[in-house]
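A structural walkthrough
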Amino acid sequence: MIFSSIAVTLAALSLTACSDDNFSPDADKDWAGTTSFFNSTDEKGFDTYYQPAVGRCGDPMPFYDEKTDDFKVLYLQEYDNNGTYNYHPIWGVSTKDGANYESMGEVLPTATSDKEQDAALGTGCAVYDEQSGTYYIYYTGHNPKCESTEVVMRATSPDMKTWTKDNAWSLKGMDYGYSKTDFRDPQVFKTEDGTWHMVIASTLKFAEFTSTDLKTWQHTGSFNMVWDRQLECPDIFKMGNYWYFVYSEGYRSDWSRKVKYFVASSFEDLKKCFNDPGANWPKDGHEGVLDSRAFYAGKTASNGTDRYIWGWCPYRTGSTIFEKNINVGADGEPNWSGALVCHKLIQHSDGTLTLGEVPAISAKYDKPQDLKAMEQSEGATVNGSTVSLSGNSHVLFNRLGNHNKISFTVKTAGNTDKFGFSLVRAGGDEDGKHYSIVINPENDQTRKINFEEQGKDGIGFVRGIDGYNFARPADNTYHVTVYTDNSVCVVYINDVACYTNRIYGIQKNCWSLDCYDGQVTVSEVKVMQYKSI
């Protein structure tokens, strides 16, 4: 996928929010003793959900490098001041664990001229050929001045450091009956018979090519996308006994803008899933959706033991944090690029997938914080790290830091009790607006994670960020873990639900546990933090 931010750079990306009429723009510096709203801002760079100090991360292209025993996560480097034609060089980071990153800087530059095919770069993948000892990056060359706007191109390297573009080679969609405009996001992988396959996204079709040496490629046909939806960023892999096709559904269909997957027993059967998507959705209760609208362009890599997925969490614009937190439009996120978010893939016995916590991220948050109830409404009681809530009630806790891990276990009394937690919340009469992640009972058996702007001045349900369906746990017990790194917030529930969001102003503000209807007991409430390097 490729996207120029020229149209959105007119919107200011200032991370310093203005005050709101309903909130004090600056709280007392008595952090432990006050619950006033504080106008906090993000740090320059994020180090858990990686975001460079300058610019942002576009579509990730993760690759496990066996020679160095680490993951190289290439990505499209986005700036506020992209050139008109020359933009999105490929940059990269390396990581051993998905929690700590080292920048590789620029890996593959754009062309210097606006007349060359790769004036701008688009999504692709990296692979290693053991026989020749050569690394390959297959990528998209994007230039509307050329005969084809998008062409698949490649570069090679002996060491994953110094790259040479192979300007004598390319794949043009028009040569095989595909679109001149949409022919991009090549993904290369190997099947059990040793054949290399390349899948390329075109207009409502995936093109397929094969090779025995990663040099010469033969066109072998095409297969459908999902109905009339344009899909992008394909990722195909085998995990255990199953084959998976992960894709991003959102280009020209913002209302369904999410990362999804199909599963089958073979690659050939995997392609057939697209012939009748409705009949072939994974039997996971949410049509293969892996996360929320705020996790996009997800692609995976495995070290042979664990498989992780990286996507980007978009930034949002607005003159105050209150505008930013709800500025998503009716159906999808408005901005392209953001912070790298990593999840671990969880494979269930029936082949279905969910996303779970990255162990190294959990271990990184190693400093326990004092938990102090600052305010509790009628219907709420606090006993150490256990909270009882009934009816419409909440308990407000002391301020969070820049990097927080919040964990707790919820036990509901009935099958339709409604609960959640809130961030960027002030106490008492100052609580004009706050942001709530609500576990909503859609019916007796299904839960949905919703995002709401609550408080006396809040707009309520924010349609463009609505979340994720999952089955009610049989014992009505929810193990919830929340990670925040500056404004990026990731929620995991019972290894069956993952929900990523961008919520500005979390730092230095209070948070709460909430009940909306019924009766819930919240136990083992903990807050952990770490100090940024």
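Every value quoted in this text rests on a predicted model; they were computed, and no experiment measured them. Residue numbers restart at each chain and count upward from 1, following the sequence in its written direction. Since the coordinates come from a predicted model, pLDDT governs what is reported: local features require at least 70, and pairs of side-chain atoms require 80 or more to be given and counted, while whole-chain, interface and lining totals use all residues. Side-chain measures here rest on the full set of heavy atoms in the structure, leaving out hydrogens and waters.

1. Regarding the environment of P144
Starting at the N terminus, helices and strands are each numbered in turn, a helix being any DSSP run of H or I of at least four residues and a strand any DSSP run of E of at least two. Structurally, P144 is set in the loop between β6 (134-142) and β7 (150-157). When the C-alpha atoms of P144 and G33 are compared, they prove to be 58 Å apart, with 111 residues separating the residues in sequence. Throughout, a contact is declared for two residues whenever any of their heavy atoms are within 4.5 Å. In this structure, P144 is in contact with Y85 and T149, ignoring residues within four places of it in sequence.

2. Some points on the packing of aromatic side chains
Ring pairs (aromatic) are described by centroid distance and by the angle formed between their planes. Paired rings are identified among Phe, Tyr and Trp, the last through its six-membered ring, by centres lying within 6.5 Å, and are further divided according to the angle between planes into stacked (under 30 degrees), edge-to-face (over 60) and tilted (the rest). One pass over the full model with this rule turns up 43 aromatic pairs. With a centroid separation of 6.0 Å and 55° between ring planes, the pair formed by Y247 and F274 is classed as tilted. Note that Y247 is positioned in strand β15 (residues 242-249) and F274 in the loop between α1 (267-272) and α2 (277-280), a separation of 27 residues in sequence. Of the two residues, Y247 and F274, neither departs from the other in class, the shared state being buried. Among the aromatic residues, those joined into a ring-pair cluster are F206, F223, W227, F245, Y247, F262, F274 and W281. Here, a charge over a ring means that NZ of Lys or CZ of Arg falls within 6 Å of the ring centre while also lying within 35 degrees of the ring normal. Over the face of the ring belonging to Y504 we find K324, whose NZ or CZ atom lies 4.5 Å from the ring centre. When accessible area is computed with a 1.4 Å probe and restricted to protein chains, residues below 20% of their type maximum are described as buried, those above 50% as exposed, and intermediate ones as partly exposed.

3. Focus: the layout of surface pockets
Over the atoms rolls a probe the size of a water molecule, and its path tells where empty space is left. In this analysis a 1.4 Å probe is tested at points of a 1 Å grid over the protein atoms alone, and where it fits but cannot get out there is a cavity; an open set with protein on both sides within 12 Å along at least five of seven lines is a pocket; lining residues have an atom within 4 Å of a point. Grid points are joined across faces, edges and corners, and a volume is the space filled by probe spheres set on the points. Empty space within the largest pocket amounts to approximately 920 Å³. Lining of the largest pocket is provided by 36 residues; of these, F63, V127, F189, K190 and W196 occupy positions nearest its centre. Of all the elements in the fold, those that place two or more residues in the lining of the largest pocket are β1 (56-65), β5 (120-129), β10 (183-190), β14 (231-239) and β17 (296-302). Put simply, Ala, Val, Leu, Ile, Met, Phe, Trp, Tyr, Cys and Pro go in the nonpolar bin, Asp, Glu, Lys and Arg in the charged bin, and everything else, Gly too, in the polar bin. Split by residue class, the lining of the largest pocket holds 16 nonpolar, nine polar and eleven charged.

4. Remarks on the sheet that holds β10
Paired through backbone hydrogen bonds, the strands of a sheet run either parallel or antiparallel to each other. Pairing between strands requires that DSSP locate at least two bridges from one strand to the other. Reading across from one edge, β10-β11-β12-β13 is the order of the four strands in this open sheet, with antiparallel pairing throughout. At either margin of the open sheet sits one strand with a lone partner, and together these are β10 and β13 (218-224). Neighbour-to-neighbour, the strand axes of the sheet open up by a mean angle of 25°, direction not taken into account. Of the pairings in the sheet, the one linking β10 to strand β11 (residues 196-202) comprises six bridges and is antiparallel in character. Looking across to β11, one finds that F183 is bridged to S202. Angles shown run from 0 to 180 degrees and are taken between the N-to-C directions of axes, each axis being a line fitted to C-alpha atoms and, for helices, limited to the stretch in contact.

5. A closer look at the pattern of salt bridges
Two side chains with opposite charge may pair up if their charged atoms get near one another. Basic side-chain nitrogens of Lys or Arg form a salt bridge, by our definition, when they fall within 4 Å of a carboxyl oxygen of Asp or Glu. Throughout the structure, instances matching the rule amount to 22 salt bridges. Across the salt bridge formed by K72 and D65, the nearest N and O atoms sit 3.0 Å from each other. With a shortest N-O distance of 3.9 Å, K260 and E249 are connected by a salt bridge. Taken together, the positions of K260 in strand β16 (residues 258-264) and E249 in strand β15 put the pair eleven residues apart, joining distant regions of the chain. Note on accessibility: K260 and E249 belong to one class, buried.

6. Observations regarding the confidence of the model for the protein chain
Per-residue confidence for the protein chain gives a mean pLDDT of 93, with 94% of residues at or over 70. pLDDT measures how confident the predictor is about each residue, on a scale from 0 to 100. Overall, residues 3-25 carries pLDDT values under 50, and its contacts beyond four positions in sequence, including any with other chains, amount to 55 contacts.

7. Considering the UniProt feature "domain: BT1760-like C-terminal" (unreviewed entry) in the protein chain
UniProt's entry tags residues 351-527 with the feature "domain: BT1760-like C-terminal" (unreviewed entry), counted in the numbering of this structure. Secondary structure over residues 351-527 splits into 3% helix and 58% strand, and the C-alpha atoms at its two ends are 34 Å apart. UniProt positions are given in the numbering used here, feature names are shortened, and annotations may be inferred rather than shown by experiment.

8. Re the sheet that holds β14
One open sheet holds the three strands; their spatial order is β14-β15-β16, and the pairing between them is antiparallel. Two strands bound the open sheet, and with one partner strand each, they are β14 and β16. On average, each strand axis in the sheet is inclined to that of its neighbour by 20°, with strand direction left out of account. Of the pairings in the sheet, the one linking β15 to β16 comprises seven bridges and is antiparallel in character. Along β16, the bridge assignment pairs Y247 with K260.

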